[in-house]
Amino acid sequence: MTSNVIDPNSIKAIIKANVPHSLDELFPVIGVVKSLSREDLKSDVVAGLTVAVMVVPQGMAYAALAQLTPEIGLYSCIMPILVYALFGSSRQLAVGPVAMVALLTSAGVSEIQDPAEDPVRYQRLASTLALVVGLLQAGMGFLKLEFIARFLPHPVLSGFTSAAAIVIGCSQLKDIFKLSLPRSERLQDILDPFFNKLGETHGMTFGVAVSSIVFLLAAIYRDGMPKADAGRVAGLSPWQTSRELRKAEEQLRLHVQHAIPGQWSPETKAAWDEGWRQ
């Protein structure tokens, strides 16, 4: 006797789970528009204008980090947002380029083509790289291969992101001091010529850069120590971030505990708390 149960890991089950069965599933924005209230619309307009103001300099900076022209940075910030607004299902997901992707693009493509020699070919190679990576990500998402990320150890990811942040920060020294420094993904190749040319610092450029940094820090800390919200999380030190995360975890635990009906015996509550800590 044959069973009609479909294996959830089979190609047929994967295709069936990912193929939209209605227009609302294909365009989640339809459901968002139907449930949108006037207050939500007002908040979304304010949020959209805020993101638009931030995304222009941000996109140009990411393009410079990837050694591409500023307009490419703007396109890479605008187009993903427009497409995801139609096909995306998350209202909180940030879509667009990030500094690490820009750094990896520069590191990979510059080994094949020097952007100073042939910028047009460099741009084509960068566009091809973005297309290939996008297709790979779409294919992995369609095949439900997100479990692969579980095999990436946290220390490896933490070390990679920390090293990328240091390299990205040091790569901006030439703009802060207005020095002619070579582009490199190796920290020693940046710092060695930097210290040798430190005496050639342009005073006006350095003054404007330092004033801007001080102004930003003053804006972050104007009300004292930043709180752990989405707008100020970058201003938290590691120990403060850990403390705020523990508070949020405790609040979530209590919400889950209260949401489950029935009386909690001391033994059940103790087992629940122990399991949550693990």
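Let us look at the structure shown here. (Residues numbered from 1 in each chain as written. Predicted model: local features only at pLDDT ≥ 70, side-chain atom pairs only at ≥ 80, totals over all residues. Heavy atoms only, no water.)

## Some points on the overall build of the protein
Looking only at helices and strands, the protein features 13 helices and zero strands. Tracing the protein from N to C terminus, the helices and strands come up as α-α-α-α-α-α-α-α-α-α-α-α-α. Counting across all 278 residues of the protein, residues that qualify as buried make up 15%. Across the protein, the fraction of contacts at a sequence separation of at least 24, relative to all contacts at a separation of at least 6, is 43%. Put simply, the protein shows about 20,500 Å² of open surface, and 66% of that area lies on carbon and sulfur atoms. (Helix = DSSP H or I, 4+ residues; strand = E, 2+ residues; numbered from the N terminus. Buried < 20%, exposed > 50% of the residue type's maximum accessible area, 1.4 Å probe, protein only. Contact = heavy atoms within 4.5 Å. Areas by Shrake-Rupley, 256 points an atom, 1.4 Å probe, with all protein chains shown as cover.)

## Considering the pattern of salt bridges
Under the criterion given, the structure shown has one salt bridge. With its nearest N and O atoms 3.9 Å apart, the salt bridge here joins aspartate 175 to lysine 174. On the basis of relative accessibility, which here comes to 22%, the residue lysine 174 falls in the partly exposed class. (Salt bridge = Lys/Arg side-chain N within 4 Å of Asp/Glu carboxyl O.)

## Topic: the packing of aromatic side chains
Scanning all chains against the criterion turns up three aromatic pairs. Their ring planes at 70° and their centres at 5.0 Å tell us that phenylalanine 177 and phenylalanine 194 sit as a pair that is edge-to-face. Here the residue phenylalanine 177 occupies a position in helix H9 (residues 173-177), and phenylalanine 194 occupies one in helix H10 (residues 187-196), the gap between them amounting to 17 residues. For phenylalanine 177, a relative accessible area of 14% puts it in the buried group. (Phe/Tyr/Trp six-rings, centres within 6.5 Å; stacked < 30°, edge-to-face > 60°.)

## Points about the environment of alanine 61
Following the sequence through the fold, alanine 61 ends up in helix H4 (residues 38-65). Spatially, the C-alpha atoms of alanine 61 and alanine 102 are 9.4 Å apart, while their sequence positions differ by 41 residues.

## A few points about the side chain of serine 171
On the secondary structure map, serine 171 appears in helix H8 (residues 154-171). Among the residues examined, serine 171 registers a relative accessible area of 17% and is labelled buried. Residues within four places of serine 171 in sequence aside, it is in contact with Leu65 and Ile190.

## Structural notes on H8
Compared with an ideal rise of 1.5 Å per residue, which puts 18 residues at 26 Å, H8 spans 26 Å between its outermost C-alpha atoms and is within 8% of the ideal. Regarding H8, the residues found buried are Ala164, Val167, Ile168, Cys170 and Ser171. The arc that holds the buried residues of H8, viewed along the axis, is 165°, so those residues lie on one side. Seen from the open side of H8, the exposed residues pointing more than 90 degrees away from its buried face are His154 and Pro155. Packed against the buried residues of H8 are H4, helix H6 (99-109), H9 and H10. (Expected span 1.5 Å × (residues − 1). Arc of directions from axis to C-beta.)

## Observations concerning the packing of H6 against H8
Each packed pair of helices is defined by two parameters, the angle between the axes and the distance between the axes. One way to put it is that H6 packs onto H8 with a least axis distance of 10 Å and a crossing angle of 75°. For the element pair H6 / H8, the angle class is roughly perpendicular. Here Ala99, Met100, Leu103 and Leu104 of H6 lie close against H8, whose contacting residues are Phe160, Thr161, Ala164, Val167 and Ile168. A breakdown of the residues in the contact of H6 with H8 according to their chemical character gives eight nonpolar, one polar and no charged. (Axes fitted to C-alpha atoms, helices over the stretch in contact; angles between N-to-C directions. Parallel < 35°, antiparallel > 145°, perpendicular 65-115°, else oblique. Nonpolar A, V, L, I, M, F, W, Y, C, P; charged D, E, K, R; others polar.)

## Examining unusual backbone geometry
The phi torsion at glutamine 67 lies on the positive side, around 60°, for a residue other than glycine. Overall, glutamine 67 belongs to the partly exposed group, its relative accessible area being 22%. Positioned with a positive phi, lysine 178 is a non-glycine residue whose angle comes to about 55°. Its location among the elements puts lysine 178 in the loop between H9 and H10. Its relative accessible area of 52% is what places lysine 178 among the exposed residues.

## Quick look at a nonpolar patch on the surface
On the surface, a cluster of nonpolar side chains totalling about 880 Å² of accessible area is made up of Leu23, Leu26, Tyr75, Ile78, Met79, Leu82, Val83, Leu86 and Phe87. The set of elements that each furnish at least two residues to the nonpolar patch consists of helix H2 (23-26) and helix H5 (70-87). With seven residues, H5 is the single largest residue contributor to the nonpolar patch. Relative to the helices and strands, leucine 26 is located in helix H2. Taking relative accessible area as the criterion, leucine 26 reaches 35% and is therefore assigned partly exposed. (Patch = residues over 30% accessible without salt bridge, like charges linked within 9 Å, V, L, I, M, F, W, Y side chains within 5 Å.)

## A look at the side chain of threonine 105
Along the chain, the position of threonine 105 falls in helix H6. Judged by its relative accessible area of 13%, threonine 105 falls in the buried class. Setting aside residues no more than four positions away along its own chain, threonine 105 makes contact with Ala66, Ser110, Tyr122, Ala126 and Leu129.

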